[in-house]
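Observations on chain architecture
Residue strings, one per chain:
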Amino acid sequence: MSCTKNGNASPRTRECKRINVRELARRAKRRAYQKVEAVRRHVAEQGGLPFANLVAMERIVTALEDLGYAYRSRVYPPWVTLWAFLSQVTSPDSSCAAAVMRVIAYRIVTGQGRCSASPSSYSAARQRLPEAFYARLACDLGEELDALSPSPWLWLERHVKIVDGTTLTMPDTEANQAVYPQSSNQKAGLGFPIARLTALFSLSVGTIVDAEITGTRGKKTGEITAFRTLWRSLRAGDVVLGDCLYDGYSDIAQLHQRQVDVVFGMSQSRARDFRRGTTLGPGDHLVEWSRPRFDKSRLDRETWDALPPTMLMRELTRTITDARGKRHTITLVTTLLDAAKYPADEIFKLFRGRWNCELDLRSVKTLMGLAHLSCESPEMIRKEIWTYLLAYNLLRWHMARAADTYAVEPRKLSFNNARQAMQTFTLSVLGASAPQAEQLYEETLHVIASHRVGKRPGRIEPRKVKRRKSKYPYLTAPRSSPKSLAA
């Protein structure tokens, strides 16, 4: 039946065309909605960040419930606040204004509507969340990944924790100076407040299992005192690896009572005589240590009385020649007394692994920007530190996934390459469909696993550079003083 009349379209034909146009418009709208919905679901899962799939809403809500923290439905609920804070500390532009812009983009993509561009609400949301919330997420993630380490990543089937400390600077405010005073060698108004960060690192996967934040001046701010606080995260069967700062009798004895073994460097002030004791091999013997005299400035009487009068220890020494031809003598002390189960070569190999914590601290301070913080109050300073540590542990988690997928040890992968790969993945995945996002992530894991850290035994790195950089003159008087203004 013809739909035309005198060469013109009949009313029925015109109605059919209108129906077809409406149907095509509906289909196009449906396809566009499905695409936006796919992006919305993906961004909702990712939180606009490369790590939000690991800090899922369920994990956050569980941590808040355990802490007894009540919250309401706001523009900045705890999970959005945390994701924005993570994006802030991992982005080149770490300002609150930039973090709010990312939240606005997140809300538009997820169909929630635009919010205010003022950072005041976001700042208030960060302050509302308790410090324990940030610390809980960071430590739980680091400890969980260490516990999941497969046997080939461990040292002789043992979980090893490395302890070390470093210092961080922050804005020079009265509140920060009161809690984290600057160095006593600097004049008032010319220095920055300094905090000490003492951390336990997992040797197998590189995560920070626990950390303690203190000042650098005053009682109970030393690295040893902070280390004793971190014993809460040590489990029976662990091995603690540290330098000669930690070889104190009381600490080793108390750790041994907790069924925790140690491998520490031996301080130069401690007497050593390898002609004494039971010889296990060249430069390897068992010797009996005696409890030191009571010193109330170091220990209370009850703790001192609980220490064993003597303790059997294993001392090892070895002379090595570095790449420059210089000879160095390394002396270690350990509670691993079985020479057959723990050969001297394996113990020295383990101690060389202690340098990994120096590289880990450099990664989180230099590559991620933790060296100088930005918050202006002590409470927010601690929250900022924990957020950095959480972001660091999340990157380590992705590195562990890549290592497990491609059968390589996590310690052989480049941290900086993983950081760059995850940042690129975040930018590429926002407009991708779910299958494309999954494929992009698999390719990201491949990129992470393909960049290995080279073997560099005895590497020499002279602190000399060729390029000259111009610098401003140093400030020699407080900025508000007449002398400074005159200069």
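Treat the numbers as computed from the prediction; the structure is a model and nothing was measured.

1. Let's talk about the overall build of the protein
Secondary structure assignment for the protein yields 16 helices and eleven strands. By sequence separation, contacts in the protein at least 24 residues apart represent 64% of the contacts at least 6 residues apart. For the protein, the exposed surface amounts to about 26900 Å²; the carbon and sulfur share of it is 52%.

2. Details of the sheet that holds strand β6 (residues 239-242)
Ordered by their spatial adjacency, nine strands build an open sheet running β5-β4-β3-β6-β7-β11-β10-β9-β8, and the pairing between neighbours is mixed. If you trace the sheet from one side to the other, it starts and ends with β5 (208-215) and β8 (278-281), each paired once. Here the strands of the sheet are splayed against their neighbours by 25° on average, with no regard to which way each runs. The pairing of strand β3 (residues 160-169) with strand β4 (residues 194-202) spans nine bridges and is antiparallel. When the sheet's bridge partners are listed, Thr 166 is paired in β4 with Leu 197. Contacting β7 (261-265), β9 (284-290) and β10 (310-321), helix α9 (residues 249-257) crosses the sheet at an angle of about 115° to β10. Lying over the sheet, helix α12 (residues 355-367) contacts β3 and β4, oriented at roughly 40° with respect to β3.

3. Considering the pairing of β8
Bridge count between β8 and β9: three bridges; the pairing is antiparallel. If you follow Thr 278 over to β9, its bridge partner there is Leu 286. Between β8 and β9, which pair antiparallel one after the other, the connecting turn spans two residues, and Gly 283 there sits at a positive phi close to 65°.

4. Brief notes about the packing of aromatic side chains
Counting across every chain of the model gives ten aromatic pairs. For the ring pair Phe 227 and Tyr 246, a centre distance of 5.1 Å and an interplane angle of 70° mean the geometry is edge-to-face. Residue Phe 227 is located in helix α8 (residues 223-229), and its partner Tyr 246 is located in the loop between β6 and α9; the two are separated by 19 residues in the primary sequence. Seen in terms of ring centroids, Tyr 246 and Phe 264 are 6.0 Å apart; in terms of plane orientation they differ by 40°. Their pairing is tilted.

5. Considering the pattern of salt bridges
Applying the stated rule across the entire model yields 21 salt bridges. The shortest N-O distance in the salt bridge between Asp 273 and Arg 275 comes to 3.0 Å. Using a relative accessible area of 22% as the deciding quantity, one classes Asp 273 as partly exposed. Where Asp 295 meets Arg 298, a salt bridge forms, and the shortest distance between an N and an O atom there is 3.5 Å. Since its relative accessible area comes to 29%, Asp 295 is described here as partly exposed. Among the charged side chains, a salt-bridge network with shared partners connects Asp 66, Arg 136 and Asp 140.

6. Observations concerning the nonpolar core
If you look at the biggest cluster of nonpolar residues, it comprises 93 residues, and the most contacted ones within it are Phe 133, Leu 370, Ile 385, Trp 386 and Leu 389. For this core, the leading source of residues is helix α13 (residues 378-405), giving 16 residues. Dropping the residues within four chain positions of it, Trp 386 is found in contact with Glu 131, Tyr 134, Ala 135, Ala 138, Cys 139, Asp 210, Ala 211 and Ile 213.

7. Observations concerning unusual backbone geometry
Positive phi, close to 50°, is recorded for Leu 156, a residue that is not glycine. Here Leu 156 shows up in the loop between α6 (131-147) and β3. In this structure, Glu 157 takes a positive phi of about 65° despite not being glycine. With respect to the helices and strands, Glu 157 occurs in the loop between α6 and β3. For Glu 157, a relative accessible area of 56% corresponds to the exposed category.

8. Details of the pairing of β5
Among the eight residues that make up β5, eight are buried, leaving the element largely enclosed by the rest of the structure. Bridge count between β4 and β5: seven bridges; the pairing is antiparallel. Opposite Leu 200, over in β5, you have Asp 210 as the bridge partner. In this antiparallel pair of consecutive strands, β4 and β5, the connection spans five residues, and Gly 206 shows a positive phi of 85°.

9. Topic: the environment of Tyr 246
Exposure remark for Tyr 246: the relative accessible area of 0% places this residue in the buried category. The sequence separation of Tyr 246 and Val 163 amounts to 83 residues, and the corresponding C-alpha distance is 9.1 Å. Excluding residues within four positions of it along the chain, Tyr 246 makes contact with Val 163, Asp 164, Gly 165, Glu 223, Ile 224, Phe 227, Ile 252 and Phe 264.

10. Things to note about the state of the cysteines
A covalent bond bridging the sulfur atoms of two cysteines is what the word disulfide describes. For the coordinates displayed, the defined rule picks out zero disulfides. Cys 96 carries a free sulfur, and the closest cysteine sulfur to it, the one in Cys 375, is 7.1 Å from it.

11. Focus: the side chain of Glu 212
Tracing the backbone through its elements, the reader meets Glu 212 in strand β5. Of note is the side chain of Glu 212, whose polar atom sits 3.3 Å from the side chain of Arg 232.

Criteria and thresholds
- Residues numbered from 1 in each chain as written.
- Predicted model: local features only at pLDDT ≥ 70, side-chain atom pairs only at ≥ 80, totals over all residues.
- Heavy atoms only, no water.
- Helix = DSSP H or I, 4+ residues; strand = E, 2+ residues; numbered from the N terminus.
- Contact = heavy atoms within 4.5 Å.
- Areas by Shrake-Rupley, 256 points an atom, 1.4 Å probe, with all protein chains shown as cover.
- Pairing = 2+ DSSP bridges.
- Axes fitted to C-alpha atoms, helices over the stretch in contact; angles between N-to-C directions.
- Phe/Tyr/Trp six-rings, centres within 6.5 Å; stacked < 30°, edge-to-face > 60°.
- Salt bridge = Lys/Arg side-chain N within 4 Å of Asp/Glu carboxyl O.
- Buried < 20%, exposed > 50% of the residue type's maximum accessible area, 1.4 Å probe, protein only.
- Core = buried A, V, L, I, M, F, W, Y, C linked by side-chain atoms within 4.5 Å.
- Disulfide = S-S within 2.5 Å.
- Polar contact = N/O pair within 3.5 Å; in protein donor to acceptor, adjacent residues only side chain to side chain.

Everything listed is a geometric property; what it means functionally is a separate question.
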